[in-house]
Amino acid sequence: MKRTAVLLFSSPVLLARKGVVAAISQLLVAHKGSVLHSDDHVDSGRELFLSRLEWDLDDFDIPISDFEKHFKPVADQFKIKYHLALSDYRPKVAILVSAQDHCLADLLYRHSSGELSCDLVWIISNHAKAKPLADFHGVPFRLLANPQDKHESEREMMELLGPDVDLIVLARYMQILSPEFVGHYLLRMINIHHSFLPSFAGAKPYHQAFERGVKLIGATSHYVTATLDDGPIIEQDLVRVSHRDTIEDMMRKGRDLEKVVLSRAVRLHLENRVLVYQNKTVVFA
C-alpha cells in the first residue's frame, strides 16, 4: 500500500474559484508530490468549496512535520480550513457497547479481516455479555464498575481512554453521555441510531415507527454532539417493512442495517473520507 497524505479542506467559493486546487497542486508537485485523487464539492447554499486531495509521499521532499509552514501562505490566501492525515497512521479506537452486541461482533470481524485499519485499544461495557467476544478477538475489555452511576462511569472511561484515543465507537451503547464527556471527544465519537434520522430520534425508535405504520425503517450513523441524535450524519440505509411486520420483525431487520451502517461509517472515518462542516458532512466515498 502506498504511503499517502490526505488533505480535507474547505474554502469560501469566491476565493476557491480563483484557483485553490491549482495552488495546492502546484505546491505539491513543486515538492515532488504526486497527486493520486482529488474530489470536490460545492455547497452553494453555504458558499463553500469542499475537497479531499490525496498524494503520494514516496518522493515528497517536505517533512510532514513542516507541512503547515509551507502550506500556510496558500491557506491564508484562500482562507482554507483543513485537516491533514497520513495513510500509514493506525488510529487508536475504543468501542462502547451495552447488552446488544451485533454491531460489536461485526466491527470485530471486519477489524480482524483487515477491513478496518486501526488499533482497538478497549471494549468498554455496562454489561458483561461482550467479554467473550472481546477475549476471542484479543481486545482489552473493561466492565464498568458502577454502571448505574453515569458520572462515575464517565470518569472511569476517561481514565481508561486518556487524551490520545482517536475514535470512540458507540456500538449500541444505550446511555446518554453528558455534554462534558461529549465535548472532550467532540467529532471523535461515532454513534449508530436505529432509525432513519431525523425521524424517530430518542428512545424506542422501532416502537415509534410501528405506531406510525411506516413502510421503510432505517439506521443512521453520526458523530455525537451534546444534542441527542443530532450530530453530523455520516451514513444511512433503509429496508422495507409492511403491515405484517411486528415490532420484533422490525428490530430483526433493523439489526442487519445497524451493523452495516455503523461499520461503513467507521471505515469512512478511518480512511479520512468525511469532511464535517456546520453540522453536516461531505463523504468522499
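Since we're looking at a predicted model, the values are computed, not measured.

Along the chain, the regular secondary structure elements total 9 helices and 13 strands. Relative to the 2.2 N^0.38 estimate, which gives 19 Å for 285 residues, the radius of gyration of the chain is 21 Å and therefore close to what a compact globule would have. In the chain, which comprises 285 residues, the share counted as buried stands at 46%. Counted over contacts in the chain with a minimum sequence separation of 6, partners at least 24 positions apart contribute 65%. Here the chain has roughly 14300 Å² of accessible surface; of this, 53% comes from carbon and sulfur atoms. Put simply, the chain has 34 plus and 37 minus side-chain charges, and the middle of one group is 4 Å from the middle of the other.

What follows is about the packing of aromatic side chains. Scanning all chains against the criterion turns up 6 aromatic pairs. When the centroid spacing of 5.7 Å and the interplanar angle of 65° are considered together, the rings of Trp 55 and Phe 60 count as edge-to-face. The pair Trp 55 / Phe 60 is uniform in exposure class, with both members buried. One aromatic cluster in this structure is built from Trp 55, Phe 60, Phe 67, Phe 71 and Tyr 82.

Moving on to the pairing of strand 3 (residues 48–56). With respect to burial, strand 3 is a largely interior element, 9 of its 9 residues being buried. Burial along strand 3 is two-sided: the face carrying Leu 48, Leu 50, Arg 52, Glu 54 and Asp 56 and the face carrying Phe 49, Ser 51, Leu 53 and Trp 55 are both buried. Across 9 bridges, strand 1 (residues 4–12) lies against strand 3 in antiparallel orientation. Across the sheet, the residue bridging to Ser 11 is Phe 49, located in strand 3. In this structure, strand 2 (residues 34–43) lies alongside strand 3, joined through 9 bridges in antiparallel fashion. Within the sheet, the bridge partner assigned to Val 42 lies in strand 3 and is Phe 49. Connecting the antiparallel pair strand 2 and strand 3 is a turn made up of 4 residues, with Glu 47 showing a positive phi of about 55°.

The 4 strands lie next to each other as 2-3-1-4, forming an open sheet whose pairing is antiparallel. Strand pairing shows two members of the sheet lacking a second neighbour, strand 2 and strand 4 (81–86), which therefore form its edges. Sheet twist, expressed as the mean angle between neighbouring strand axes with direction ignored, is 10°. On top of the sheet, helix 2 (residues 20–30) reaches strand 1, strand 2 and strand 3; it is set at about 20° to strand 3, its chief contact.

The next thing to look at is the environment of Tyr 82. Secondary-structure assignment places Tyr 82 in strand 4. Here Tyr 82 is in contact with Leu 7, Leu 8, Phe 9, Glu 68, Phe 71 and Ala 75, once residues within four sequence places are set aside.

Thresholds, definitions, all that
Residues numbered from 1 in each chain as written. Predicted model: local features only at pLDDT ≥ 70, side-chain atom pairs only at ≥ 80, totals over all residues. Heavy atoms only, no water. Helix = DSSP H or I, 4+ residues; strand = E, 2+ residues; numbered from the N terminus. Rg over C-alpha atoms; globule rule 2.2 N^0.38 Å. Buried < 20%, exposed > 50% of the residue type's maximum accessible area, 1.4 Å probe, protein only. Contact = heavy atoms within 4.5 Å. Areas by Shrake-Rupley, 256 points an atom, 1.4 Å probe, with all protein chains shown as cover. Lys, Arg positive; Asp, Glu negative; His and termini not counted. Charge placed at Lys NZ, Arg CZ, Asp CG, Glu CD. Phe/Tyr/Trp six-rings, centres within 6.5 Å; stacked < 30°, edge-to-face > 60°. Pairing = 2+ DSSP bridges. Axes fitted to C-alpha atoms, helices over the stretch in contact; angles between N-to-C directions.

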